[in-house]
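Below, each chain spelled out in residue letters.
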Amino acid sequence: MTRVIERESKIVSWNCRGLKQVSKLVRFLKNLQDHKQKPLIICLQEIKLKELNHKIIQTIRYHKLEYILQPADGTSGGLLILFSDYLKADVLSSDEVSQFILFPDLTTIVINVYIKTSDYARYCLQLSRNTKNLEKYSDKDVRILLLGDINAYSNAKKDRQGGKTEAVIIKDLHVQIYKKLEPVFTELGVEDVATVLGAEQHTHFCAKTKTTTRIDHIFSNESKKVTLFHATKTT
């Protein structure tokens, strides 16, 4: 049987903030099913695991998925990409900052990213270096999707609301990070999908500072062809 795979297939991004308990993954995948969402690719950030235990792998296999793991550095970070078991995936690069994965069947490169605020300068520099892996694809019709928790926003007035304590969120640290990343976006030729579609929604609520922000993003070189689904996480 020949399987037809559409380039505009669903891709999901989720900062899970730790995946130690398999029940969290089970609930997440069930929630996708309940909402009749069946993404071909799921990008997870901050899994906080050096390896996947048997129960997590069993759950992944049960849903007919394969995985590519970038282990956490100690108890922080960690990236995981899940994808349908009939897809071919080529790892272009993988480190604590990002996973660059080519899915030839979709003519798509997925970049799963997590920027750590406490070390953002080094993380942004490393991501910039990693983009050099894509130079040979610059003249080809390849869709690029950069997505994940970049802990940044471009406009403090629009992308952050609420309490604004802690020295106005450390003098808008998230704006500083965004400025560091702008050359990467330009190099890749990608745009903030939510901004292009006029669909900006806050994705994070901080109970400590009583602020809501939009620090999780999807960037693409085909922004108008992407459909967004939002979920808000809490710290």
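Everything quoted here is computed from the prediction, not taken from an experiment. (Residues numbered from 1 in each chain as written. Predicted model: local features only at pLDDT ≥ 70, side-chain atom pairs only at ≥ 80, totals over all residues. Heavy atoms only, no water.)

A. Inspection of the side chain of T59 at higher detail. By the secondary structure assignment, T59 is in helix 2 (residues 54-62). The exposure class of T59 is buried, given its relative accessible area of 12%. Here T59 is in contact with V22, L25, V26 and L29, once residues within four sequence places are set aside. (Helix = DSSP H or I, 4+ residues; strand = E, 2+ residues; numbered from the N terminus. Buried < 20%, exposed > 50% of the residue type's maximum accessible area, 1.4 Å probe, protein only. Contact = heavy atoms within 4.5 Å.)

B. Examining the environment of L188 more closely. With respect to the element layout, L188 can be found in helix 5 (residues 165-188). Under the relative-accessibility criterion, L188 is labelled buried at 9%. For the pair L188 and I144, spaced 44 residues apart in sequence, the C-alpha to C-alpha distance is 7.8 Å. Apart from residues no more than four positions distant in its own chain, L188 is found in contact with I111, T131, L134, I144 and L146.

C. Unusual backbone geometry, seen in detail. Positioned with a positive phi, R17 is a non-glycine residue whose angle comes to about 50°. Its place among the elements puts R17 in the loop between strand 1 (11-15) and helix 1 (22-34). Classification of R17 by relative accessible area gives partly exposed; the value is 31%. Not every positive phi belongs to a glycine, and T107 is a case in point at roughly 40°.

D. Quick look at the pattern of salt bridges. For the coordinates displayed, the defined rule picks out five salt bridges. One salt bridge in this structure joins R17 and E46, with 3.4 Å as the shortest N-O distance. Highlighted residues: R17 in the loop between strand 1 and helix 1 and E46 in the loop between strand 2 (41-45) and helix 2, separated in sequence by 29 residues. Looking at E46, the relative accessible area reads 7%, which means it is buried. The salt bridge involving D119 is made with R122; its shortest N-O contact spans 2.6 Å. Here the salt bridges share partners, and the residues they tie into one network are E96, D119 and R122. (Salt bridge = Lys/Arg side-chain N within 4 Å of Asp/Glu carboxyl O.)

E. How the structure looks around the packing of aromatic side chains. Counting across every chain of the model gives five aromatic pairs. Between Y178 and F219, the ring centres sit 6.5 Å apart and the planes meet at 45°, which makes this aromatic pair tilted. Here Y178, found in helix 5, pairs with F219, found in strand 13 (residues 216-220); they are 41 residues apart in sequence, far enough to count as distant. With respect to burial, Y178 and F219 carry one shared label: buried. Cluster of aromatic residues (ring-pair linked, three or more members): Y178, F185 and F219. (Phe/Tyr/Trp six-rings, centres within 6.5 Å; stacked < 30°, edge-to-face > 60°.)

F. A look at the nonpolar core. By size, the foremost hydrophobic cluster in this structure holds 27 residues, and its most contacted members are I111, I115 and I150. When residues of this core are traced back to their parent elements, those giving at least two are strand 6 (98-103), strand 7 (108-114), helix 3 (120-130), strand 8 (143-149) and helix 5. Examining the composition of this core, we find that seven residues originate from one element, helix 5, more than from any other. Setting aside anything within four residues of it in sequence, one finds I111 in contact with S98, Q99, F100, L134, I144, L145, L146, L147 and L188. (Core = buried A, V, L, I, M, F, W, Y, C linked by side-chain atoms within 4.5 Å.)

G. Broad picture of the pairing of strand 6. A large share of strand 6 lies buried, amounting to six of its six residues. Of the two faces of strand 6, the one carrying S98, F100 and L102 and the one carrying Q99, I101 and F103 are both buried. By the bridge criterion, four bridges tie strand 5 (residues 90-94) to strand 6 in an arrangement that is antiparallel. Paired with D90 across the bridge in strand 6 is L102. Connecting strand 5 to the antiparallel partner strand 6 that follows it, the hairpin turn spans three residues. Across six bridges, the pairing between strand 6 and strand 7 is antiparallel. Counted as the bridge partner of F103 is T108 from strand 7. Hairpin connection, strand 6 to strand 7: the antiparallel pair is bridged by four residues, and T107 has positive phi, about 40°. (Pairing = 2+ DSSP bridges.)

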